[in-house]
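What follows is the residue order along each chain.
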Amino acid sequence: MSKTNLKSVFVLLFAFLLLFTSVSFAEDINNEEIMLISENSEQKSVDSQSKNSDLYVSENQYSIKNIIEGNVFASVQNLDIDPSNNGGVITGNLFATANTVTIKSNAKYSETEKDELGNAKLESVSNSAKIDGNVFVTANKFILDPTCEINGDLYICANEIILSQNAVITGNVFAVGNKLSLNSKIETGSLYATVKNFDMQYYGFIFRDLHVSAETATIAGIVYRNSFISANTLTTTSTFSNNGDFNVTSASELNFSGEVKGNANINSKNLTFNSKDSNGKSVNCKIYGNLNYSSNKEMQIEDKIILGSINYSEYKEEKSNNFLSSLWSYLVKLITSLVYVILIYLFITKFMPKYIDKLSFSKVLSSIGIGLGILILVPILVILLLITRIGALVGLLLAILYILMLIIAKPIFIISIANLIKDKKFNNVKSIILVAAITVILSLISLIPFVGFIISLLVILCGLGIFFKSLKNR
C-alpha cells in the first residue's frame, strides 16, 4: 500500500472516530466555499460570512452574530445564534451538536404588568434570531428565546428543551428528551414529543395536532385540532383549549380542566373533573362533544361539564403504546443512521475528495467474499497477537482498526451505490440526496424479519470488501 493511501486511511478512520463522540443531523449541502475552524477554548464569533456558503464550526464556544446565507454545521460546547449586531440569521438549515444551543433575542419583560396567571408580560424585543430552514439539534439544553423564529421543522433531541413565549416555529416539532417546556407558537404544524416531563404553558399554541408520550404532562395552552396523549399523570388547566378531539390513550391519573370543543376519548385509571380551583372559585371545565371514557369506576359528572352524551366502559390497563413506541424507536434508529452515514460522506468529500471516485460498486460477489474474510479472520489474528507479548500492541491497534472498519462499512456501501446510480441515471441529483435516500431504503428493508438481517449482513460484508479494494487502487 502506498504512503498516500496509508495516510488517507488514517485520516479517514480518525475522522470517523471523532464523529462517534457526538451526534449531528444533516439534510442538504451545497458545493460552495466551506469554512472550517479548528477547535480551541476561546469564545469565537462570526461577524461576516460570504454569500452562498455553508459554515462549518468546531469550537468550544461559538457565537453567530451576522447573516449566514447557507447552512450551518456545528459541533461545539456552546452555540449561540446572536442577533445583537442585527444579524443572528441563518438562511439555510442548522445542524448542531452541543452542550447548549441558544437561539437568542434581546427580550425585556415588564416589571409591573402580569398576565392572568401572574407571569411577567413581554414588554419589548429589539432583535431576535431567525433560521429560515430546518433545525436539527442534539444537545444537553436547547433554548429558543422569545420572538425568535424557525421557519421550518425542528428536530430536537435534548435533556432540556425550552421553547419560549412568542417564539414561532412554522413547521412541525419532533422532540425527544427529558423535559420539554412549550410556551411558543407552532404556527402551521404539529408537535410530536416523547419526553419524561411535558409542560405546555399558557402561551403555548399548536396549529394542528398534539402528539405526546410522557411520564408527567401539564397542558395549559391551545391545541387547534386534535390531541393524542399518553402519560402516567396528566393535568390540563382551566386555560387549556382543544378545538378538536381530546384523546387520552393511556393515563394512570387525569385531572381535567379547560375546554374541549370536540369529543373526549379518555382511558384513565383515575379521572377527575376540576370545575373549581383551590379557593372554590368556578373555572372553565367543559366538553362540548361526547365523553367516551374508561376508568376504574363509573362517575357522576355534572351536566354542565359534558354537553354531549356520556359513555362509560370498564378500565383496561394499557401495557404500552406498542405502535407508538416502535415508531419512535425506528425513527431514532433512522436518524442515527442518517447522521453517521451523511457525516462520514461529508468528511470524505472534504478531506479525501478523490477517494469518493475509488468507491466502485462492481464485482459484488468478490467484495462480499473479501468482507467475509475480514469479518472472520481479523478477530482470529487479533486474538493470536494479543496472547503474545511481542504482538500485543499490534493486536490492540488491529482490533481498533477492525472496529472502525465495521463502523464505516455501511456508509462505504451506500456511497458506492449512490455513485453507481448517479453515473447511470441521476447525473443532476446531488450525491448527498442519493446517499440519504439509500440510507432510508436500507433502514426500511432492515425491518423485514429475517430478510432484513440477511440484507444488513450482506451490506456490511460488501462494504468491507469495497473499502479493502479501494485501498489497492491508487
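Remember, predicted model here, so these are calculated numbers, not experimental data.

Asks: Would you take a moment to explain the overall build of the chain for this structure?
Replies: Within the chain one finds seven helices and 30 strands. Among the 474 residues that make up the chain, the fraction classed as buried is 46%. The long-range share in the chain, meaning contacts at least 24 apart out of those at least 6 apart in sequence, stands at 34%. Counting every atom, the chain has about 23300 Å² of accessible surface; 56% of that belongs to carbon and sulfur.

Asks: Would you mind going over the nonpolar core with me for this structure?
Replies: Soluble globular proteins: nonpolar side chains tend toward being buried together. Ranked by internal contacts, the top residues of the largest apolar core, which has 70 residues, are Leu79, Phe142, Leu191, Phe198, Phe246 and Phe273. Ignoring any residue separated from it by four or fewer positions in sequence, one finds Phe198 in contact with Leu180, Leu191, Leu210, Val212, Ala214, Thr216, Ala217, Thr218 and Ile219.

Asks: Can you help me understand helix 4 (residues 364-386) in this one?
Replies: Structurally, the α-helix is built with 3.6 residues per turn, so residues lying three or four positions apart point the same way. An ideal rise of 1.5 Å per residue puts 33 Å on 23 residues; helix 4 measures up with 33 Å between its terminal C-alpha atoms. At Leu377, helix 4 shows its largest kink, close to 30°, and the proline Pro379 lies no more than four residues downstream. Along helix 4, the positions that sit buried rather than exposed are Ser367, Ile368, Gly371, Ile374, Val378 and Val382.

Asks: Hey, could you run me through the packing of aromatic side chains in this one?
Replies: To describe a pair of aromatic rings, one takes the distance between the centres and the angle between the planes. Tallied over the entire structure, the rule returns 13 aromatic pairs. Clustering of aromatic rings is evident, with ring pairs tying together Tyr56, Phe73, Phe95, Phe136, Tyr155, Phe174 and Tyr192.

Asks: Honestly, unusual backbone geometry in this entry has me stumped. Any pointers?
Replies: As a rule of thumb, non-glycine residues mostly have phi less than zero, and peptide bonds are mostly trans rather than cis. With a phi angle near 65°, Thr147 is a residue other than glycine that sits in the positive phi range. Mapping Thr147 onto the fold places it in the loop between strand 13 (135-144) and strand 14 (149-150).

Asks: When you look at the pattern of salt bridges in this model, what are you seeing that I'm missing?
Replies: It is possible for side chains of opposite charge to pair when their charged atoms get near one another. Considering all chains together, one arrives at four salt bridges under this definition. Note that Glu259 is salt-bridged to Lys261, the shortest N-O span being 3.7 Å. The buried category is assigned to Glu259, whose relative accessible area is 15%. Look at Lys261 and you get partly exposed, because its relative accessible area is 40%.

Asks: Is there a simple way to explain the packing of helix 4 against helix 5 (residues 392-424) in this structure?
Replies: When two helices pack together, you describe them by how their axes are tilted relative to each other and by the distance separating the axes. Relative orientation of the contacting elements helix 4 and helix 5 amounts to 155°, with a least axis distance of 8 Å. On the basis of the axis angle, helix 4 is roughly antiparallel to helix 5. The element helix 4 and its partner helix 5 pack so that their crossing is left-handed. From helix 4, Ile374, Leu375, Val378, Pro379, Leu381, Val382, Leu385 and Leu386 reach across to helix 5, where they touch Ala392, Val394, Gly395, Leu396, Leu398, Ala399, Tyr402, Met405 and Leu406.

Asks: What should I look at first to understand helix 6 (residues 431-445) in this one?
Replies: Compared with the 21 Å implied by 1.5 Å per residue over 15 residues, the 21 Å span of helix 6 between its first and last C-alpha is a close match. Residues of helix 6 that are buried include every one of Ser431, Ile432, Leu434, Val435, Ala436, Ile438, Thr439, Leu442 and Ser443, and no others.

Asks: Quick question: what am I supposed to make of the sheet that holds strand 8 (residues 89-90) here?
Replies: Backbone hydrogen bonds are what pair the strands of a sheet, in a parallel or an antiparallel way. Reading across from one edge, 5-8-12-14-16-18-20-22-24-26-28 is the order of the 11 strands in this open sheet, with parallel pairing throughout. Here the strands that pair on one side only, and so sit at the sheet edges, are strand 5 (67-68) and strand 28 (285-287). For strand 16 (residues 168-169) and strand 18 (residues 185-186), the ladder comprises two bridges, and the chain directions are parallel. Within strand 18, the residue paired with Ile169 across the bridge is Ile186.

Reading the values: the criteria
- Residues numbered from 1 in each chain as written.
- Predicted model: local features only at pLDDT ≥ 70, side-chain atom pairs only at ≥ 80, totals over all residues.
- Heavy atoms only, no water.
- Helix = DSSP H or I, 4+ residues; strand = E, 2+ residues; numbered from the N terminus.
- Buried < 20%, exposed > 50% of the residue type's maximum accessible area, 1.4 Å probe, protein only.
- Contact = heavy atoms within 4.5 Å.
- Areas by Shrake-Rupley, 256 points an atom, 1.4 Å probe, with all protein chains shown as cover.
- Core = buried A, V, L, I, M, F, W, Y, C linked by side-chain atoms within 4.5 Å.
- Expected span 1.5 Å × (residues − 1).
- Bend = angle between axes of the 7 residues up to and from the residue.
- Phe/Tyr/Trp six-rings, centres within 6.5 Å; stacked < 30°, edge-to-face > 60°.
- Salt bridge = Lys/Arg side-chain N within 4 Å of Asp/Glu carboxyl O.
- Axes fitted to C-alpha atoms, helices over the stretch in contact; angles between N-to-C directions.
- Parallel < 35°, antiparallel > 145°, perpendicular 65-115°, else oblique.
- Left-handed = near helix turned anticlockwise from the far one by under 90°.
- Pairing = 2+ DSSP bridges.

By themselves these figures say nothing about function.
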